[in-house]
Every structure is written in structure tokens, then in C-alpha cells.
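Summary of structural features
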Amino acid sequence: MPGRREFLNTLMRGGILAALGLLSGAVIFRSRDEKSCSYGFDCSGCSRSKSCMLPAALEARQMVWQLDMTKCIQCGRCATNCVMSPSAVKCTHAFAMCGYCDLCGGYFKPGTKTLTTAAENQLCPTNALKRKFIEDPFFEYTIDEELCIGCGKCVKGCGAFGNGSLQLQVRHDRCKNCNECSIARSCPAQAFTRVPANKPSLLRGLGPELPKETAKKNQANG
Amino acid sequence: MDKSRTSYPVSRTLYFVHRIIPGLLFLLLPLITLPIQRFPKPEFESAYTQPQTFIPTPRAEFLAYLDVFVLLISLGVVTWLVLKKRSRLWVFFMSLFSLAYFGFYREGCVCSIGSIQNVSLALFDHSFILPLSVLAFFLLPLIFTLFFGRTFCASVCPFGAIQDLVAFKPQPLGSRLNTVLGIIPYLYLGLAVLFAATGTDFIICRYDPFVGIFRFNASFGMFLFTGILLLSGVFIARPYCRFLCPYGVLLNWTSRFSLRHLSITPAECIQCRLCESSCPYDAIDYPVTDKSPESRPVMVRKMMILTLLVPFLVLIFGYAGSRMQDTLAGVDARVKLAKEVMALSRIQDAGYGMQDESFEIKAYKASGKTESQVYSEASAVLKKFYFGGWLFGGFTGLVIALLIAGRMLPVYRKDYVTNKGRCFSCARCTDYCPIKS
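The rules behind each value
- Residues numbered from 1 in each chain as written.
- Chains lettered and ligands numbered in written order.
- Predicted model: local features only at pLDDT ≥ 70, side-chain atom pairs only at ≥ 80, totals over all residues.
- Heavy atoms only, no water.
- Buried < 20%, exposed > 50% of the residue type's maximum accessible area, 1.4 Å probe, protein only.
- Helix = DSSP H or I, 4+ residues; strand = E, 2+ residues; numbered from the N terminus.
- Pairing = 2+ DSSP bridges.
- Core = buried A, V, L, I, M, F, W, Y, C linked by side-chain atoms within 4.5 Å.
- Contact = heavy atoms within 4.5 Å.
- Domains from an automatic or database assignment.
- Buried area = accessible area lost by both parts, 1.4 Å probe.
- Salt bridge = Lys/Arg side-chain N within 4 Å of Asp/Glu carboxyl O.
- Polar contact = N/O pair within 3.5 Å; in protein donor to acceptor, adjacent residues only side chain to side chain.
- Phe/Tyr/Trp six-rings, centres within 6.5 Å; stacked < 30°, edge-to-face > 60°.
- Lys NZ or Arg CZ within 6 Å of the ring centre and 35° of its normal.
- Lys, Arg positive; Asp, Glu negative; His and termini not counted.

**Focus: the pairing of strand 6 (residues 192-196) of chain A**
Residues and elements named next belong to chain A.
- The buried count for strand 6 comes to 4 of 5 residues, which makes it a mostly enclosed element.
- Sheet analysis places strand 1 (residues 63-67) next to strand 6, joined by 5 bridges and oriented antiparallel. Counted as the bridge partner of M63 is P196 from strand 6.

**Digging into the nonpolar core**
- Membership of the largest hydrophobic core comes to 99 residues, with the highest contact counts inside it found for I113, F152, Y240 and Y247 of chain B.
- With 10 residues, the top contributor of residues to this core is helix 5 (residues 132-148) of chain B.
- Aside from chain neighbours lying at most four places away, what touches Y247 of chain B is S112, I113, I116, F137, F138, P141, L142 and F152 of chain B.
- Residues L67, C75, C91 and A191 of chain A belong to the second largest nonpolar core, which totals 37 residues.

**Concerning the domain arrangement of chain A**
- As far as domains go, chain A holds domain 1 (1-29) and domain 2 (63-205).
- Computed over C-alpha atoms only, the centres of domain 1 of chain A and domain 2 of chain A are separated by 52 Å.

**A word on the interface of chain A and chain B**
- On the side of chain B, 86 residues touch chain A, which itself brings 90 residues to the contact.
- Summed over both sides, the interface of chain A with chain B buries roughly 7,700 Å², with 62% coming from carbon and sulfur.
- By the criterion of area lost to chain B, the three top residues of chain A are R13, F161 and N179 of chain A, representing 10% of everything that side buries.
- One can count 3 salt bridges joining chain A with chain B.
- Where chain A meets chain B, there are 16 residue pairs in polar contact (both at pLDDT 80 or more).
- Put simply, the parts of the chain that give the side of chain A that touches chain B at least two residues each are helix 1 (2-30), strand 1, strand 2 (89-93), strand 3 (129-135), strand 4 (138-143), helix 3 (153-161) and helix 4 (182-186) of chain A.
- Among the elements that take part in the side of chain A that touches chain B, helix 1 of chain A stands out by supplying 12 residues, more than any other.

**Topic: the pairing of strand 3 of chain A**
Residue and element names in this part refer to chain A.
- Alignment of strand 3 against strand 4, held across 6 bridges, turns out to be antiparallel. Along strand 4, the bridge assignment pairs L129 with I143.
- In sequence, strand 3 turns back onto strand 4 through a hairpin of 2 residues.

**Notes on the packing of aromatic side chains**
- Under the definition given, this model contains 29 aromatic pairs over all chains.
- For the pair F92 of chain B and F93 of chain B, a centre-to-centre distance of 6.0 Å together with 50° between the ring planes defines the contact as tilted.
- Take F92 of chain B: its relative accessible area is 28%, and that puts it in the partly exposed class.
- With a centroid separation of 5.3 Å and an interplanar angle of 65°, the aromatic rings of F159 of chain B and F210 of chain B are classed as edge-to-face. Residue F159 of chain B is found in helix 7 (residues 158-166), and its partner F210 of chain B is found in the loop between helix 10 (203-206) and helix 11 (211-215); the two are separated by 51 residues along the sequence. Comparing F159 of chain B with F210 of chain B shows no difference in burial state: the two are buried.
- Seen from the ring of Y107 of chain A, R131 of chain A lies directly overhead, with NZ or CZ sitting 5.9 Å from the centre.
- One Lys or Arg, R131 of chain A, reaches over the ring of F139 of chain A and ends 3.7 Å from the middle of that ring.

**Some remarks on the side chain of R215 of chain B**
- Structurally, R215 of chain B is set in helix 11.
- Among buried Asp, Glu, Lys and Arg side chains, R215 of chain B stands out as unpaired, with E107 of chain B the closest opposite charge at 4.3 Å.
- Those residues in contact with R215 of chain B, other than ones at most four positions away along the chain, are V83, K176 and C178 of chain A together with E107 and C109 of chain B.

**A word on the domain arrangement of chain B**
Residues and elements named next belong to chain B.
- Domain annotation for chain B reports domain 1 (62-263 + 271-287 + 417-432) and domain 2 (296-408).
- For domain 1 versus domain 2, the separation of C-alpha centres amounts to 29 Å.
- Listed as interface residues are 14 residues of domain 1 and, on the opposing side, 15 residues of domain 2.
- A combined buried area of about 1,400 Å² lies between domain 1 and domain 2, and 78% of that area is made up of carbon and sulfur atoms.
- The largest per-residue losses of area from domain 1 upon contact with domain 2 belong to Y186, L194 and T198, which jointly make up 34% of the total buried on that side.
- Counting the contacts that link domain 1 with domain 2 gives 0 salt bridges.
- At the junction of domain 1 with domain 2, the criterion picks out 4 residue pairs in polar contact (both at pLDDT 80 or more).

Okay, structure coming up:
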């Protein structure tokens with residue numbers, strides 16, 4: 001009697017081990033990063049790019065959450081739906097793109113008559129966007145991250161009337177990198193994606209070697 | 001204050017560029033907010049240097065492997081403490097360490113319980129990349145359990161550790177209540193895998209009661225839930241582990257076939273009954289000395305009922321699950337959007353306009369997707385939920401049938417032994433056993 005039970009137990013143990021092995025093998029070898037080659041290779045000239053056999057999981061990249069500004073509609077949910085309060089999503093300024101406008105669509109409320117830093121003129125609800133005179137007629141805009149709540153009001157204004165240098169980004173020094181981002185779940189535009197941790201930013205307009213651009217190129221190449 | 005605004009000694013073109021164009025754009029109120037270089041980067045005459053945009057880096061990747069290493073080491077240590085040293089005190093100290101490291105330092109993320117969803121999603125969506133560290137968090141406790149019992153639950157899991165701390169007055173619940181409440185984790189597991197595999201939601205993480213405590217940050221509803229769990233945990237030891245934890249289901253079934261397991265006594269049981277009430281989790285099975293309590297015809301009838309009952313329940317529940325397709329898929333964002341788009345097109349067909357568009361509709365319009373694209377995406381999701389519903393329902397039926405079978409069939413047990421499935425290997429009972437070697 002104990003002999004038979006022992007034998008069945010061993011059999012089951014072997015079965016479970018085999019099942020776990022199969023499961024992990026399937027999970028590893030099915031993982032492909034279709035959106036961008038996370039190896040950092042430029043796959044545009046690669047003939048195998050359509051059926052790349054290198055499983056992305058083997059590359060052992062940690063993934064982090066990031067906001068894709070090409071999809072973002074600035075609904076304001078980043079400010080309210082993060083597990084952190086204030087949100088880990090903040091406005092980030094790509095200075096290289098900024099036009100240093102006097103009449104900044106991200107800074108001033110629409111219809112503002114006098115372009116002063118008076119509180120009633122400001123679009124930002126928390127005075128996180130700072131305006132500094134550089135030289136006539138240019139002004140520098142910086143973000144006080146401690147104050148920024150990630151509501152995206154300035155981002156909307158800048159994108160609609162300016163260059164779009166103010167962009168919402170997940171700040172990874174604050175982000176808890178939840179298994180499933182609670183903002184991603186409620187994002188109406190599905191603008192949140194997981195990106196490899198070595199390329200954590202989807203900020204646009206910083207230079208020619210943008211992670212987004214290469215990703216787009218890869219996508220165009222299938 | 002801006003002193004520069006008092007005069008505007010710039011050319012008309014610059015004035016046009018800086019005042020009139022934005023003014024016109026204000027009037028147009030364009031929908032598209034993509035970054036476009038509308039205004040060229042100025043050439044500064046003053047010695048102004050453009051500041052660098054600060055991009056914070058995420059947590060270093062090697063730290064994820066440090067976590068795996070700590071997990072491996074703590075699993076090894078706890079297994080040794082439970083099986084060899086048989087010391088409740090040291091197991092308790094280890095649980096404090098786990099609470100500090102996996103709980104408050106790592107803030108409960110990523111945990112083995114939640115990794116079920118990552119593995120399910122990775123299995124069905126191959127664009128989702130499962131980091132190896134997450135896979136290790138999923139596999140290591142299962143492998144350890146397969147050989148040594150649920151030592152992971154004993155004091156590596158921070159959720160178990162925090163509940164163990166508050167289990168002051170555990171009351172026995174009785175086998176019937178334990179069985180009925182024990183169905184919940186199976187349902188939770190089934191739903192979690194279903195929602196994760198369809199790419200809808202990670203419900204284990206969403207309704208995780210303890211992450212809020214570890215981060216000192218949660219919504220009021222979640223704090224309420226956690227509070228109720230911990231308060232009830234004073235009398236019902238480890239309510240989450242026993243009656244909610246979906247990973248516990250996997251550990252339960254692997255532990256049943258474990259090579260070695262914590263035993264109450266290191267030698268022969270002398271039936272002193274001292275351990276009887278030591279287990280706060282009702283995981284000690286009492287001896288059933290009656291070897292054949294039922295006559296052969298009764299047993300045959302029981303077996304016949306069971307062989308009919310199992311497929312019957314699987315089919316009935318599977319069918320019910322497939323009929324729940326709409327309800328289950330209704331949670332999915334893609335299906336929700338399709339419903340909204342359908343409502344919108346109906347309103348437009350009737351010749352009316354939407355007064356307040358939802359953000360979802362705005363995003364849909366901005367994305368440039370066609371109506372049929374949205375519908376076909378949603379119907380693909382619905383199809384997944386139809387098959388998923390069959391599987392989830394069938395699984396539920398099977399679980400219930402097996403639980404009924406477990407209660408119907410007689411058992412024979414000579415001594416007081418730990419229930420290998422339910423035992424968390426907390427080593428409390430070893431302290432009560434008078435035999436020490």
C-alpha cells in the first residue's frame with residue numbers, strides 16, 4: 001500500500017515538474033518584442049526581422065511603464081488614477097523642442113490679456129510651471145516636479161498651440177512600477193505601454209537617436 | 001512680474017509669429033496635440049545655456065536579480081528551519097525579515113501571487129515580455145513546495161507574514177466551513193487567469209489588500225478591505241491565504257505530492273493529542289481509525305454517483321461560464337469602447353450630436369480608427385471570453401465536483417498528521433509535540 005502511494009506521488013511530482021518546465025519554456029520562447037527590438041539592434045536591414053527567433057525574455061530585460069505621447073489625449077486621469085498621490089506621471093519639458101514663446105499655450109489660460117505671471121493667468125493649477133525671462137521676447141519654462149500633479153493641462157495647451165515640448169512622462173524615480181499600472185488600466189487612449197528598462201523614456205524631441213523614432217521605423221518595417 | 005512686456009521693440013514678423021499665430025490657433029482650437037515644430041528654436045543673443053531635460057532612470061536591473069537571489073536564499077533557509085531545525089521561533093524571525101524585505105522594502109511588487117497573471121498573459125500574448133526574474137518568482141516557490149511543502153507560505157511570503165503577526169486568537173472553523181470557503185481561491189484563480197490571458201485586467205494586483213499597507217498609500221476602499229481582513233485575521237488565522245490566495249491553490253496541489261513535508265512529530269506519534277488545537281489553520285487531520293466504515297454496495301453507488309457527477313458539473317458550469325461571456329467581457333476596455341462607439345453612431349444616425357463626449361470617444365476619434373476596426377477588436381475579445389468562459393466554468397465545476405468527492409469518500413488515518421495541501425509549514429505544532437527527537 002505505501003509503495004503504490006509513493007510511486008503515484010513520484011509520478012505526479014515528475015508530471016508537475018515537467019508541466020512547469022513546459023510552461024516556462026513556452027513562455028520564454030513565445031515572447032517577442034514586436035514593437036521594437038529591445039536588443040538595441042537596428043533590425044531595419046535584417047531579413048529575419050519578421051520572424052526573429054531571439055526570444056526577448058532571454059535578454060532578461062526588466063520592463064517599465066511609460067506614456068506614449070502620440071496616443072495621449074491629456075484627459076487628466078494620470079493625475080487621479082495613479083496608486084501614488086501625487087501621481088508618478090509628471091510633465092517633463094523637452095527644452096530642445098521649446099520655442100521659448102512669450103505667449104505660451106502651456107502656461108497661459110486661453111484668452112489671457114496681459115501676459116504676466118499673475119495667478120489668474122496661469123493654466124497650471126498648482127503653479128508648478130515656472131516662467132523666467134531670458135531675453136526679449138523669449139521665456140524659459142521649467143517644471144517644479146514637487147508641485148506638478150501630472151494633470152496634463154499645460155501639455156494640452158503646449159501641444160495645441162505650441163511645439164509640444166511639454167510632455168507627460170512616467171517619472172521612474174517615483175513610479176512603483178506596479179505589475180499592472182492603474183493609470184494604464186483607465187487610460188482612454190491606451191497610451192501606456194511597457195518599455196525596456198534600459199530605454200525608459202518615450203520623450204520626444206531630445207535628439208536624433210530617439211527611442212520612439214527607431215521603434216516607429218521598426219514598426220514600418222514590420 | 002514681466003518687465004519686458006512694457007515695450008515690444010521687435011520686428012513686425014516676430015510680433016506676428018509670437019502673438020497673432022498663437023491667437024489664431026486659440027480660435028481654431030485644434031484637436032490634434034502632436035508635437036510639431038511650430039515655432040523654431042530661438043537663437044539666443046545672451047549667454048543662455050539651455051538646461052538638460054532630466055530623465056530619471058528606473059530601478060537598476062540587477063536589483064531584480066538580487067530579489068530573486070534573496071527569494072532563493074530565504075526559501076532555502078526557511079525550508080531548513082522548518083524541516084531540520086523545527087523551530088517556530090526562527091520561522092517567526094524569518095517572517096519578520098520577509099515582511100521587511102519583500103513587504104516594506106520591495107513594497108509587495110513583484111510577488112509570486114501576482115506573477116500568475118504575468119505568466120498567463122505571456123502564454124497567450126507573445127508581444128508581452130515576461131522578465132526572467134518574474135518567471136523565477138513564479139517558479140521557485142512552486143519547485144520548493146514540490147519537494148518540501150509550503151515553506152514559502154511559512155515565512156517567505158510577506159502577505160502570510162503580516163497575517164501571521166495578527167493571528168492572536170485563532171478559532172477553529174470546522175471542516176464544512178473550511179471546504180466551502182476554500183472554493184473561493186479556485187474561483188479567484190480561474191478569474192485571474194481568464195482576465196490576464198485575455199489581456200483585460202490583473203485582478204490579483206488590483207484587489208491586493210496588503211500592497212496599500214506596504215506603500216502606506218491606498219484608496220479608502222482598499223484600506224477598509226485590508227482593515228477588515230486584518231481584524232478578522234485576529235480570529236480567523238490568515239484569512240487571505242486560506243480563503244482568497246490564488247497562488248495558494250497551486251501551492252496546495254503541488255504540496256500534496258511533495259517529497260518531504262513538515263511532520264508534527266519527528267518520530268512515532270504517541271497520540272497524546274497535544275497538537276490537536278495548536279494549528280491555527282485547521283490543517284491538522286485527526287486520526288480516522290475505522291478502516292472500512294461503509295459496505296461495498298454503498299461504496300459502489302457512491303463511485304457511480306461521482307463518475308456521473310464530475311462530467312455533469314463540468315458541463316453545466318462550463319455552459320454557464322460561456323453564457324457569462326458578455327458579463328465577463330464587459331470589463332474589457334476594448335468591449336466597453338465598442339459599446340460606446342455603437343451608442344454614438346446610433347445617436348448620430350438619429351440626427352443628434354453628442355453633448356459631452358467621454359474621453360474614450362475623444363481618444364477613439366483622435367486615433368483615427370474606423371468603427372469596424374473597433375467592432376472587430378471587441379468581437380475578437382468576446383470570442384476569447386466565450387472559450388475562456390467554457391474553460392473557467394468547467395474548471396469551477398471540476399473543483400466543486402472534486403470537493404464533493406473528497407467529502408464523500410472515506411479516509412483512513414492512523415495518527416494526527418498535517419494536511420499536506422492546507423498546511424503552511426509554520427511549525428507551530430512542532431512546539432507542542434512532546435517528542436523532540
